[in-house]
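# Observations on the three-dimensional arrangement
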Amino acid sequence: MKDTSILIVEDNPDNLALTRMLLQFEGYPVRTAEDAEQALHILEADCPDLILLDIQLPGMDGLELARRVRQNSALRNVVIVALTAYAMQGDEENALAAGCDGYITKPIDTRAFPGMIRRYLESNTTKLG
Ligand code: MN
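Residues numbered from 1 in each chain as written. Predicted model: local features only at pLDDT ≥ 70, side-chain atom pairs only at ≥ 80, totals over all residues. Heavy atoms only, no water.

For the protein chain, the helix and strand inventory stands at five helices and five strands. For the protein chain, the sequential pattern of α-helices and β-strands runs β-α-β-α-β-α-β-α-β-α. Computed over the C-alpha atoms, the radius of gyration of the protein chain is 13 Å, within 12% of the 14 Å expected from 2.2 N^0.38 for a compact globule of 129 residues. Scored against the burial criterion, the 129 residues of the protein chain give a buried share of 45%. For the protein chain, the computed accessible surface area is about 7100 Å², with 48% contributed by carbon and sulfur atoms. (Helix = DSSP H or I, 4+ residues; strand = E, 2+ residues; numbered from the N terminus. Rg over C-alpha atoms; globule rule 2.2 N^0.38 Å. Buried < 20%, exposed > 50% of the residue type's maximum accessible area, 1.4 Å probe, protein only. Areas by Shrake-Rupley, 256 points an atom, 1.4 Å probe, with all protein chains shown as cover.)

What follows concerns the environment of Ser-5. Inspection of the secondary structure puts Ser-5 in the segment before strand E1 (6–9). For the pair Ser-5 and Pro-48, spaced 43 residues apart in sequence, the C-alpha separation works out to 5.1 Å. When neighbours within four sequence positions are excluded, Ser-5 is seen to be in contact with Pro-29, Arg-31, Cys-47, Pro-48, Asp-49 and Leu-50. (Contact = heavy atoms within 4.5 Å.)

As a further point, take the coordination of the manganese ion. Coordination of the manganese ion by the protein involves Asp-11 (OD), Asp-54 (OD) and Gln-56 (O), with metal-donor separations of 2.0 to 2.2 Å. As a motif over one chain, the donors of the manganese ion read D-x42-D-x1-Q. Of this pair, Asp-11 sits in the loop between E1 and helix H1 (13–25) while Gln-56 sits in the loop between strand E3 (50–54) and helix H3 (62–71), and the two are 45 residues apart along the sequence. Looking at Asp-11, the relative accessible area reads 35%, which means it is partly exposed. (Donors = N, O, S within 2.8 Å, 3.2 Å for Na, K, Ca; no water.)

If you walk through the whole model with that rule in mind, you get six salt bridges. Between Arg-31 and Asp-46 there is a salt bridge, with the nearest N and O atoms lying 3.2 Å from each other. Separated by 15 residues along the polypeptide, Arg-31 in strand E2 (residues 30–33) and Asp-46 in the loop between helix H2 (36–45) and E3 bring together distant segments of the chain. A relative accessible area of 25% places Arg-31 in the partly exposed class. Asp-46 gets classed as partly exposed once you look at its relative accessible area, which sits at 38%. Asp-101 is the salt-bridge partner of Arg-70, the closest N and O atoms lying 2.8 Å from each other. In this pair, Arg-70 sits in helix H3 while Asp-101 sits in the loop between helix H4 (91–97) and strand E5 (102–106), placing the two residues 31 residues apart along the sequence. By relative accessible area, Arg-70 is classed as partly exposed at 29%. Note on Asp-101: relative accessible area 33%, which makes it partly exposed. (Salt bridge = Lys/Arg side-chain N within 4 Å of Asp/Glu carboxyl O.)

This brings us to the packing of H2 against H3. The geometry of H2 relative to H3 is characterised by a closest axis approach of 10 Å and an angle of 20 degrees between their N-to-C directions. The orientation of H2 relative to H3 falls into the category roughly parallel. The element H2 and its partner H3 pack so that their crossing is right-handed. Between H2, through Ala-36, Ala-39, Leu-40 and Leu-43, and H3, the contact on the second element is made entirely by Leu-65, Arg-68 and Val-69. A class-by-class count of the residues in the contact of H2 with H3 yields six nonpolar, no polar and one charged. (Axes fitted to C-alpha atoms, helices over the stretch in contact; angles between N-to-C directions. Parallel < 35°, antiparallel > 145°, perpendicular 65-115°, else oblique. Left-handed = near helix turned anticlockwise from the far one by under 90°. Nonpolar A, V, L, I, M, F, W, Y, C, P; charged D, E, K, R; others polar.)

Put into structure tokens, the structure is as follows:
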């Protein structure tokens, strides 16, 4: 999984710092965006292997961003994992309907998180054959 890059889209500074630290500790090159527009700008230049996507963002939300990514053939193979708030009922279904491959519930379980990310990346490798 070396050189497997991850884009984190998260407007909450604490969650952004936490997820970035956890993923960098695993050795993944990480880029970050604080909103969907920033994320789209980054995605124009380079497609990561996985997008960790907060659903609740200022302006364009994570669901709309996921839909746009899925409409872009250049980004077809990227894994999208939604970050959903435990209290927000329906977020999970909405995330899958918008094209996310799965979701991780906040607050993040820091011990389980790296394994979850690894499994999402591995499932995508399998899918690609
Ligand atoms: Mn948020």
